[in-house]
Amino acid sequence: MIPHDLRCAYLVDPLAVAPERVRLSWVPGSPQRAYHLELYRNEPWLDSPGTLFWDSGQVESGDCVDVAVDGPALVRGRRYTWRVRVRDAAGDLSEWSDWAAFEVELDPAGGWHASWIGLDRARDRVTPPTGAGPVDPLAKALDPAPYLRRAFSVDRPMASARLYVTALGLYEARLNGQRVGDGFLTPGWTDYTRRVLYQAYDVTGLLVLGENVLGAILADGWYAGFVGFDAKRAGAHYGTAPELLAQLVITFADGAEQRVGTDERWQATVGAIRHADLMMGSREEPSLEPRGWDAPGFAAGAGWLPVRCRDLDAVPVLADPGPPIRVTEEIGPAAISRDAHGRQIVDFGQNLPGWVRLRADGPAGTVVRVRHAEVLDADGSLYTENLRTARQTDEYVLPGGPAVLEPRFTQHGFRYAEITSDVSDMVARVVHSDIGVAGTFESAEPWLDRLSEIIDWGQRGNFISIPTDCPQRDERLGWLGDAQIFARTACYNRDVAAFFGKWLDDVADAQLPSGAFTDIAPLLGARGPGARGPGARGPGAPAWGDAGVIIPWTMWKMYGDRTVLRRHFGAMTAFMDFIEQANPDYLRTRELGNSYNDWLTPGPDQTPPELLATAYWAHDAALMAEIALAAGRADDAAGYRALRAKIGSAFSDAFVTADGRVVSGTQTAYVLALHMGLIPFDLCAAAASHLVAAIEAAGWRLTTGFTGVGYLLPVLSSCGYSDVAWRLLEQRSLPSWRYMADHGATTIWERWDGWTAENGFQSPAMNSFNHYSLGSVGEWLYRFLLGIDQAPGTAGFGDLLLRPHPGPSVRWARGAYRSVRGTVRAGWEVNGEQLTYRVEVPPNATASVRVPSAAPGRVRDGSGRPPVSVAAYLGALGAEEAVFDAGPGIHEFTGPALDVRSRF
Ligand code: BGC
């Protein structure tokens, strides 16, 4: 009965939320007809909730997500507690929920009494790495990490303390010898010329009476380090040396405050970290650590310099709306071997993002080197060519005596590590944005479970502050095309509402004055005239720039988030206007940017670029109509429907023939035209059969690249060809998902043929083994195979459509999706001639359950009731489904199974 899982801005009790992002959500324990919220002004040290600030009264609404505080303005820097109770259809009122809390972001203008500080040392840009080779030349080009400190004293008992901190670069905050918080690679990546994000920590327990020391270690990170491949430039995309901004606010019981901010009173030096770079790796010499520097009693003598200090500038410093990057798992070695040169190779059994922690004991001065790679060469040595110029190498100079060693300001994509010297207790620390598990999937077939696991690992491997394309080579960029094709899969796998909420601001920051969204976000600093590469200011390619519409729509669809639609509505309309102005005849033939088209098709990409571009534009217009409606802008919705109709006719005139063929005949051309509703209704069946013929002609294999692949199986299952969808899923020969899995993939590869038995590795110029995009088939596993879907036009999983697409070779499959309205479960099992479909509908949702059957009239629910109706089953031509209405709870349906064997 009692509402639970209370969140603010998708986070649990966040300590800094922008007021406009304060949206409350909860999971009701019963069908909700009305809710009642209470919000209190609170102080962190109070045992009581505080004083009542706003009482919603009873609000007649089933909404339990994206609920605004419709009361007095929230006060910056203050804490609020809240609780909720709900009334069900019978009029019964639940108990009050447990208390939840949030604190409001500091005033970006007046809330900071601190300055940017850094190590006062002029620094030139480092020289670019040239090819492979030992780490040393590079180490000479990178600078040691600055250590910054300030001692201060507290002379009376404290009630609470908050540390607000960020960096241009990366920071690790220290207070009285302790690390503050459990986040890594903070503050994450944004375009630091547009916005800087800070984190807030409760540090009450770390302070003492008397002398205290606040400190931080800085590193170059995305700000001043190596990122991307722009001209193989040597880092410094945004600035040349890291800086810190911090403000400690101590509150006493009488409400008085003491602040300690970064200013000219701080001192700086360098220590054990000789260099630390996200791509290149790090080098530490523990013997150079100024021991005790971050704790009281330390005498900061010679070697500690006054800091360089500058005032805050116009770039806003804002609360981080995303989830922190954390160590989410530790994985020990699966095997240890020697390569042909006798070097020790540790296999962690999983391609992962993060680093290795180890214990070493050796004479002082011994160098321990850890090199990382995703795959091994034929002689058992690390294969690093595909890393391009990224070194992924960590080094330690042993202090003498035992030491536990791990880097903190780098990040590697690897499964294998080559480790010199005598070490023990090696552990791979998995480091990525802490996006909780949302979906679970299991079946009778290990290969299918494996596929779902490697899709999820691809996501974990790349969701690191932003959705990167790959976590290992010299790239690691937020490519919009990859993100949009995978976004729905990403939501089924993991809780990414806050993650994408943060990144959509990066996408908006990158938007060009023309209105065009870009290929990547955040943009890198290379923006001047003549700049080339992805950081340069050109419009995004079709299917890349379009992410600026597709992803907000996906957030609304999956989370019922209207706030994100309103926040980005202006940016989205500017993008739509940009395309329309350039293409007044409604065929998108101009402003195609880098036109990557159907990127990385297994063979030649024969889909005409203007076809793909126009299809995506039509899709954008259709989504914009839904977006406008959901955002309360009915007039705009009508405008976008009209636009969609014009693009639709232009598309069919240009690309669809009278017999339902789509120009070029590629699988992607059919898939896009069908998915985006661009085939006249009476020709859809013909177009779908042409698509199947194209698949058959390819030997029942797919020929799609990044752009078509995500919609391929959903289109087949929506057009009566789930048998063909299954056939592609089961396909073991190239190109196929199973080929990867059969050949040792533990994450989705960038290319279907990343490695083949015939040719070995693909060209090292572009061959990542951890690229999530082709994993966009994950959406089909949840939405179609298990049948966890929503009624068309609805969002936020209140109105479920549960319709499974069982396959011929799998006896059972089941899974769950933790939606914003609670967990939806679905699973099917075939026993002889009988199909059983079991579902669980969460308390505040209803479902239309559609059970495909050879005799739908004979399907029964758990109480023996027949279906309310029989309808055409979309998954198989001519087949039917039994339709049931289901309320909250667990339901089971059994009836004669449909013959789902392939008809071909
Ligand atoms: C990236 C892709 C990206 C593409 C653009 C590649 O280098 O790895 O994932 O979308 O460039 O075509």
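Refer to the structure presented above.
The text that follows walks through the structure, step by step, so that each part is easy to find. (Residues numbered from 1 in each chain as written. Predicted model: local features only at pLDDT ≥ 70, side-chain atom pairs only at ≥ 80, totals over all residues. Heavy atoms only, no water.)

## A closer look at helix α4 (residues 480–493)
An α-helical turn contains 3.6 residues, so any two residues separated by three or four positions project in the same direction.
Part 1: Here α4 is 14 residues long and its end C-alpha atoms lie 19 Å apart, about the 20 Å a rise of 1.5 Å per residue gives.
Part 2: Of all bends in α4, the biggest is about 55°, found at A487.
Part 3: With respect to burial, α4 is a largely interior element, 14 of its 14 residues being buried. (Helix = DSSP H or I, 4+ residues; strand = E, 2+ residues; numbered from the N terminus. Expected span 1.5 Å × (residues − 1). Bend = angle between axes of the 7 residues up to and from the residue. Buried < 20%, exposed > 50% of the residue type's maximum accessible area, 1.4 Å probe, protein only.)

## As for the packing of helix α8 (residues 609–630) against helix α9 (residues 634–655)
When two helices pack together, their arrangement is given by the angle between their axes and by how far apart the axes lie.
Part 1: Relative to each other, α8 and α9 sit at 160°, their axes nearing to 8 Å. Looking at the two axes, α8 sits roughly antiparallel to α9. Crossing of α8 over α9 shows left-handed handedness. Counting all contacts with α8, which are made through E610, L611, T614, A615, W617, A618, A621, A622, M624, A625, A628 and L629, the residues of α9 involved are A634, D636, A637, Y640, R641, L643, R644, I647, F651 and F655. (Axes fitted to C-alpha atoms, helices over the stretch in contact; angles between N-to-C directions. Parallel < 35°, antiparallel > 145°, perpendicular 65-115°, else oblique. Left-handed = near helix turned anticlockwise from the far one by under 90°. Contact = heavy atoms within 4.5 Å.)

## A look at the environment of P539
Part 1: With respect to the element layout, P539 can be found in the loop between α5 (497–510) and α6 (547–559).
Part 2: Under the relative-accessibility criterion, P539 is labelled buried at 18%.
Part 3: Through-space distance from the C-alpha of P539 to that of A745 is 34 Å; in sequence the pair is 206 residues apart.
Part 4: When sequence neighbours within four positions are dropped, the list of residues in contact with P539 reads L512, A516, F517, D519, F578, E591, G593 and N594.

## Side note on the environment of G228
Part 1: Turning to its location among the elements, G228 is positioned in the loop between α2 (221–224) and β15 (243–251).
Part 2: As a C-alpha pair, G228 and A299 span 71 residues in sequence and 41 Å in three-dimensional space.
Part 3: The contact partners of G228, leaving out residues within four places of it in the chain, are M279, D474, E475, L477 and L524.

## A word on the sheet that holds strand β46 (residues 880–886)
Part 1: Taken together, the five strands give an open sheet; going across it, the order is β38-β39-β43-β46-β45, and neighbouring strands pair in mixed fashion. Sheet topology places β38 (788–790) and β45 (869–872) at the edges, where each strand pairs with a single neighbour. Averaged over all pairs of adjacent strands, the angle between their axes in this sheet comes to 30°, without regard to strand direction.
Part 2: Of the strand pairs in this sheet, strand β39 (residues 799–802) and strand β43 (residues 846–853) are connected by four bridges, and their pairing is parallel. Among the inter-strand pairings, L801 is bridged to a residue of β43, identified as S848. (Pairing = 2+ DSSP bridges.)

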